[in-house]
Amino acid sequence: MACARHIVGPCKRPLVCLPTAVGTRSFKNIIYLVDTGAPITELSPHAFDALGVEAVPVAAHTNLNGQRCHVRLCAQNGNHPDIPVLGADYMSTLQLLLLVNYKANTVTLDVVP
């Protein structure tokens, strides 16, 4: 699952682009803010809309980069109500190694051997 083509976004915030789907709908590339301090992965209303979900749910089961992942709706009164967040739940469940290389402006997620 090595993903080394990711970016460091505005204000040097690490962002990754991962294929995401809800139910039997087709995959769409969603850009996530990588947040090791966020316990749960979140999708924004805009991301749910892009994934073809008409009624925005409070929570949903998704296929995130080929792995089943429970997500919730971004807190609408939080710091980033419309930014999808890749949380510690996803990264720890898959035992991922996160490498943020500010010199190369890349973010890498890889499975720990």
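Our subject is the structure that appears above.
Now for a quick tour of the structure. Computed from a predicted structure; not experimentally measured.

1. Side note on unusual backbone geometry
A positive phi angle, near 60°, is found at lysine 12, a position not held by glycine. Position of lysine 12 among the secondary structure elements: in the loop between strand E1 (7-8) and strand E2 (14-22). Taking relative accessible area as the criterion, lysine 12 reaches 45% and is therefore assigned partly exposed. For asparagine 65, which is not glycine, the phi dihedral falls at a positive 55°. Its place among the elements puts asparagine 65 in the loop between strand E5 (59-64) and strand E6 (67-73). According to the relative accessible area criterion, asparagine 65 is partly exposed, its value standing at 21%.

2. Brief notes about the side chain of serine 44
Here serine 44 shows up in the loop between strand E4 (42-43) and helix H1 (45-50). Once residues lying within four places of it in the same chain are set aside, the contact partners of serine 44 are Leu73, Cys74, Pro81, Asp82, Ile83 and Pro84.

3. Concerning the nonpolar core
If you look at the biggest cluster of nonpolar residues, it comprises 23 residues, and the most contacted ones within it are Val16, Tyr32, Leu43, Leu64, Leu86, Tyr90 and Met91. Counting only elements with at least two residues in this core, the list comes to E2, strand E3 (28-34), H1, E5, E6, helix H2 (88-93) and strand E9 (106-111). Those residues in contact with leucine 43 that sit more than four places away from it in its chain are Ile30, Tyr32, Phe48, Leu51, Thr62, Val71, Arg72, Leu73, Cys74 and Pro84.

4. Observations concerning the pattern of salt bridges
Pairing between side chains of opposite charge can happen when their charged atoms approach one another. Tallied over the full model, the rule gives one salt bridge. Put simply, glutamate 42 and arginine 72 hold a salt bridge, and the shortest N to O gap is 2.9 Å. Separated by 30 residues along the polypeptide, glutamate 42 in strand E4 and arginine 72 in strand E6 bring together distant segments of the chain.

Reading guide: rules and limits
Residues numbered from 1 in each chain as written. Predicted model: local features only at pLDDT ≥ 70, side-chain atom pairs only at ≥ 80, totals over all residues. Heavy atoms only, no water. Helix = DSSP H or I, 4+ residues; strand = E, 2+ residues; numbered from the N terminus. Buried < 20%, exposed > 50% of the residue type's maximum accessible area, 1.4 Å probe, protein only. Contact = heavy atoms within 4.5 Å. Core = buried A, V, L, I, M, F, W, Y, C linked by side-chain atoms within 4.5 Å. Salt bridge = Lys/Arg side-chain N within 4 Å of Asp/Glu carboxyl O.

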